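Spelled out, the chains give:
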Amino acid sequence: MSETLRAATFLDKGGTGKTTTVAHLGVALGELGHDVLLIDLAGKQGDLGKHLGVFDEYQDQIANDEAWPNIATVFDDQWPTIAEKLGDKATADLILSTDEGVDLIPAHPGLDSLDAELGNIDDARERYTRLEAFLDEYVDPLGYDVVLIDLPGLTNNVSYNGLWAAHSVIAPVEMGPFEAEQADALRRDLDKIREAFDVTIDLSLVLPNKVDTRTKLAEEYLEAFREEYPEAMAPEYVPYSQDIRNATEQGHTAFAHPDPSATASVAQAAYLDAAEVLVERLQGG
Amino acid sequence: MSDDPDLDQLREATDHGDRLDEAAGADVYEDLRESMVEYLEEIDEGGRQKTVSVWDGDIAALMAALEDHPEHLQAYGEALREELDLGETGTPDRSEVLRLALRLGLREAAPDDMETARKAKQDHATRGL
């Protein structure tokens, strides 16, 4: 691929599996041969780093005062000056390699005050385009095939930056009534952004996850989502899998499991299928 | 820290911790400000001296020598006024030179504390308006 594709996971609701989705879709894209960069904007707790086994390494860097510049710095209006002074290593130093074949720009505690700082920028377009400017100018030249961005589970200045920069949303959903409402709200939000700023942000992938098909209700919600989002639905749902939970706690994804259970294998296949259609959709296919 | 002072300044300006840390930092200055406003009130009411004394033989000797050589005292005074952007004119005396030197030193070493002191003075001056 010649152009870097981008997508952001977003749903204005916590606990829907956004971070797990970014980690697994990212590794799945890597398995399919793509060069992948993940960016964690989801909050100072740094969960994506935990999924990919680099959390402790980065916490050490933070404790030793070695984590500057960081992901919060790239939103600062001084970033171009900093990048110019530091040269190529300005962006390279933000990126950690992981054992699962994907690279990561991890979350930093500075994200906590970032939303308020962005709120001080009067011009809305300027406020919401800081990340896009960073990706355009500093990340795209690095030649990644795909950049996936994990966003906070709420609508704020940081998540708007992610949506604006990606132009494309992955919405991980659980099978319940609140998710359906939130997915509707997301679609309304995307329409509002389109009207207000003349920027199109597509809903590229609705990925049902943690699905327990032993319950009839889950099947019904699944069917309702398929009807509601026929163009954005992932080809397969990700089943609930204890292996995924365990893998997360051990600092890796289910792809790194040496002996995956049946549900973990189904989940892996679902992520690989989702990754494949995601790339097709991001390429306009 | 790097070898580049500009980069160090950029880092100081753009390196943010989380909100809890920053709120704790803000509280430290808030306490200092309140404390200074209280002492300014005490001074106004005559309950506290306006003088500051220091024990320092070298400085005492320098000040005595400067008083013997007023042209040097004046040069010190004018240099300090310039550094502090003060438009004052007239011949600076020993007291003014010491006052301005203290002020400049504190501002250079602890700009945040001095900014807090400035706010405290502002609060005190506008109290009751």
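This structure is a prediction, so every number in the text was calculated from the model and none was measured. (Residues numbered from 1 in each chain as written. Chains lettered and ligands numbered in written order. Predicted model: local features only at pLDDT ≥ 70, side-chain atom pairs only at ≥ 80, totals over all residues. Heavy atoms only, no water.)

Novice: What is the right way to look at the pattern of salt bridges in this model?
Specialist: All names here are of chain A. Throughout the structure, instances matching the rule amount to 21 salt bridges over all chains. One salt bridge in this structure joins D93 and K89, with 3.4 Å as the shortest N-O distance. Judged by relative accessible area, which is 46%, K89 ranks as partly exposed. The closest approach of N and O atoms between R194 and D191, which form a salt bridge, is 2.3 Å. With R194 and D191 both in helix α10 (residues 177-197), this residue pair falls three residues apart, about one helical turn. Taking the relative accessible area as the measure of exposure, R194 reaches 33% and is therefore partly exposed. Each of R6, D136 and D140 takes part in a single network of salt bridges with overlapping partners. (Salt bridge = Lys/Arg side-chain N within 4 Å of Asp/Glu carboxyl O. Buried < 20%, exposed > 50% of the residue type's maximum accessible area, 1.4 Å probe, protein only. Helix = DSSP H or I, 4+ residues; strand = E, 2+ residues; numbered from the N terminus.)

Novice: Just to check I follow, could you spell out the packing of helix α3 (residues 57-68) of chain B against helix α4 (residues 70-83) of chain B for this structure?
Specialist: A pair of packed helices is captured by two measures, namely the crossing angle of their axes and the spacing between those axes. Residues and elements named next belong to chain B. Following both chains from N to C, one finds α3 and α4 inclined at 115°, their axes separated by 5 Å at the closest point. Relative to α4, the element α3 is oriented roughly perpendicular. Here α3 contributes L62, M63, L66, E67 and D68 to the contact with α4, which in turn contributes P70, H72, L73 and Y76. Looking at the contact of α3 with α4 residue by residue, the classes come out as six nonpolar, one polar and two charged. (Axes fitted to C-alpha atoms, helices over the stretch in contact; angles between N-to-C directions. Parallel < 35°, antiparallel > 145°, perpendicular 65-115°, else oblique. Contact = heavy atoms within 4.5 Å. Nonpolar A, V, L, I, M, F, W, Y, C, P; charged D, E, K, R; others polar.)

Novice: Whenever I open this one, the sheet that holds strand β7 (residues 202-208) of chain A confuses me. Can you help?
Specialist: Across a sheet, strands are paired by hydrogen bonds formed along the backbone, either parallel or antiparallel in direction. Residue and element names in this part refer to chain A. One open sheet holds the seven strands; their spatial order is β3-β4-β2-β5-β1-β6-β7, and the pairing between them is mixed. Strands with a single pairing partner mark the edges of an open sheet, and in this sheet they are β3 (96-97) and β7. In the sheet, β3 pairs with strand β4 (residues 103-105) via two bridges, with the strands oriented antiparallel. For L96, the partnering residue across the bridge sits in β4 and is L104. Most of the contacts of helix α1 (residues 18-31) go to strand β5 (residues 146-150), to which it runs at about 170°, and overall it touches β1 (5-9), β2 (36-40), β5, β6 (168-173) and β7. (Pairing = 2+ DSSP bridges.)

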